[in-house]
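Structural characterization, general
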Amino acid sequence: LSHVMATTFFRSIFRVLPLLLLLSPVNSSSCAMGNRTTQIREKYENILSHDIDELVNMSAEYRDRCCKNKKHENSKVFFCNDTQEIESLQSMACNMLRFFHKQKISKDYRWKAALVSCGTLQVLQCKCERHKKDKVCMQVNTHNKDTEKSEQSKKKCNQEFCELKENISSLRSCWNKFEKIIFR
Amino acid sequence: MSITGTACVHRVVGLCWEELGFFGVECVLFNEEYMTCMWGSRETLTANYSLYYWYENRSPVEECKHYLQDQGVSIGCYFNRSEIIQFQPFRVLINASLGSRTLKILSKPMELQDLVKPEAPVNLTIRNMSSNQLQLTWTSPYPKAQCLEHAVKYKSNKDTNWTHQVKGDIFSLPSVDYEKYYTFYVRSKINSYCGSTQLWSEWSVPVVWGSNSTSKGTAEEQLHWFWIHTVLIPIASCLLLLVLVVLLVRMERVWVILMPRIPNPSKNFDELFITHNGNFQEWAGVPKDVVESFRPNYSENICYVSELPPKDSCEPLWESGNHPPSVMPGAPAAPREHSPYKNSYVGV
């Protein structure tokens, strides 16, 4: 009887363990722990904020008439949640990386957006859940992009561009919030 | 075209925004203490307005609790600090009622952190540093100093244009002229680290430095200069002028040089008027017969002239009053060798 009870006990444990693994939060933070607010602030103010400003200025150069009054998928990634600014920034940066291969968007614009995304992840010392996106950062940081001759066709307004533009605006706004609230 | 003559750009349900005097909503956060959303003025608005607001995906729709009014017309809405949430898309809905018709105007989503207007800096202080350098510092009523950028404008009393510079928290003027005096102003704006706004604060109260005022700028010194310029110098000038006038009056030699006497020739004519009773001819010594000859009724006696006999017959010449020998008319008189007043005796 004791043998049966032990076997039953261990089998129940083994059923629960996979269940526990399955139910564990997928969104657990993959950012480095520790109080690094001073370092984050220095890198944001001295380097990253200028790249963000340039990216926002690039956004204004493209036609966006097709973007008005549109709601996009994955709109939840555009919120900068209170007390979860780092996680929100990580989510926005990782989401922006998926636009890197969208051919309908101007290559200059895609590269700059990827640069800002990778810079955000580097400053916060975060990683994306899907490791494919980390490869994008390796490519952006090591490669010089090839300039294409004809960029005019890429500047037509499309929904992917609209979504990326909104993502950039949310990322900039979330960094503003981080600077204003966290850095005192 | 609307009634007021303004072109109608926005028309909804037969009503024109511009007709109602509505040209959009403008919201400003003043120093993150309160916010106002204004949509017009008493002169332009022609309908009844009400405002509703909400934060997207966060709060229910609420009506404005404190309307700003101008002569009974709602022109804006006041929000206190508890009603303001930054970094959340903020939207307003304006209801414009004109008669039985109502116009609803929905604003674009606004980010309130991009609408902050900080208060002007205060406590501007100037310090003298080494080697003719000035350092200007100030404090800001805005609570988050790391979110501010500042602009300084200054000029000296010799300059005509202002010099503008955007600076951090301290402004340094590397070389100053001690003969001039400088005026400084400072204003602030939310920097790009914390928002995206173009709203500068008002210019601060100025601070001056230089030779016309000390670094302390006391009122006593200014009063001292006032008495010197407006009282002492005019009185001294008047006294000096008075002394010069007195000297001029008393020192006749100087007076005569400055104001020479006009010559008076009347003394030279005392003999004419006193001795000769104004008889100019007598005073001048003009002969009587010449005087007589200028009279209008002058008639001259004929003077007979005869030739003297030769020497062997010595006869007395005629005297005055005797009948003179006749003179042929038209014949010129012989030239006289002696004065008519003298008797013509030819001695033998």
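Residues numbered from 1 in each chain as written. Chains lettered and ligands numbered in written order. Predicted model: local features only at pLDDT ≥ 70, side-chain atom pairs only at ≥ 80, totals over all residues. Heavy atoms only, no water.

Basically, it comes down to this: UniProt positions are given in the numbering used here, feature names are shortened, and annotations may be inferred rather than shown by experiment.
The name that an unreviewed UniProt entry assigns to chain B is Fibronectin type-III domain-containing protein, with the source organism given as Otus sunia. In its Subcellular location (unreviewed entry) section, UniProt records this for chain B: "Membrane". For chain B, the Sequence similarities (unreviewed entry) comment in UniProt is given as "Belongs to the type I cytokine receptor family. Type 5 subfamily."

An unreviewed UniProt entry lists chain A under the name Interleukin-7, with Otus sunia given as the organism. Within the UniProt record for chain A, the comment given under Subcellular location (unreviewed entry) is "Secreted".

Examining the UniProt feature "transmembrane region" (unreviewed entry) in chain B
Note the following rule: The helix and strand labels rest on DSSP assignments: H or I over at least four residues marks a helix, E over at least two residues marks a strand, and numbering proceeds from the N terminus.
Sequence positions flagged by UniProt for "transmembrane region" (unreviewed entry) are, in local numbering, residues 225–249 of chain B. Summarising residues 225–249 of chain B: 100% helix, 0% strand, and an end-to-end C-alpha distance of 36 Å.

A word on the interface of chain B and chain A
Going by this rule: Contacts are assigned to residue pairs that have any heavy atoms within 4.5 Å of one another. Summed over both partners, the accessible area lost on bringing two parts together, with a 1.4 Å probe, is the buried area. One speaks of a salt bridge when a side-chain nitrogen belonging to Lys or Arg is within 4 Å of a carboxyl oxygen belonging to Asp or Glu.
Tallying the contact residues gives 17 residues for chain B and 16 residues for chain A. Across the interface of chain B and chain A, roughly 1,400 Å² is buried in total on both sides, 50% from carbon and sulfur atoms. It is Phe-87, Gln-146 and Tyr-193 of chain B in chain B that bury the most area against chain A; as a group they hold 49% of the surface buried on that side. A salt bridge links Lys-180 of chain A to Glu-32 of chain B; its shortest N-O distance comes to 2.5 Å.

A closer look at the state of the cysteines
Using the following cut-off: Only a pair of cysteine sulfur atoms within 2.5 Å counts as a disulfide in this structure description. Burial here depends on accessible area, computed with a 1.4 Å probe over protein chains only, as a share of the maximum for the residue type. Under 20% is buried, over 50% is exposed, and the range in between is partly exposed.
This structure, assessed with the given rule, holds 9 disulfides over all chains. Two residues, Cys-118 of chain A and Cys-137 of chain A, share a disulfide whose sulfurs are 2.2 Å apart. Between Cys-118 of chain A and Cys-137 of chain A the disulfide shows an S-S torsion of about -95°. By sign, it is left-handed. Of the two residues, Cys-118 of chain A sits in helix α4 (residues 107–124) while Cys-137 of chain A sits in helix α5 (residues 132–142), which places them 19 residues apart along the sequence. With a relative accessible area of 12%, Cys-137 of chain A lands in the buried category. The disulfide that involves Cys-27 of chain B links it to Cys-37 of chain B, with 2.0 Å between the sulfurs. Disulfide Cys-27 of chain B-Cys-37 of chain B: the torsion about the S-S bond is 110°, which places it as right-handed.

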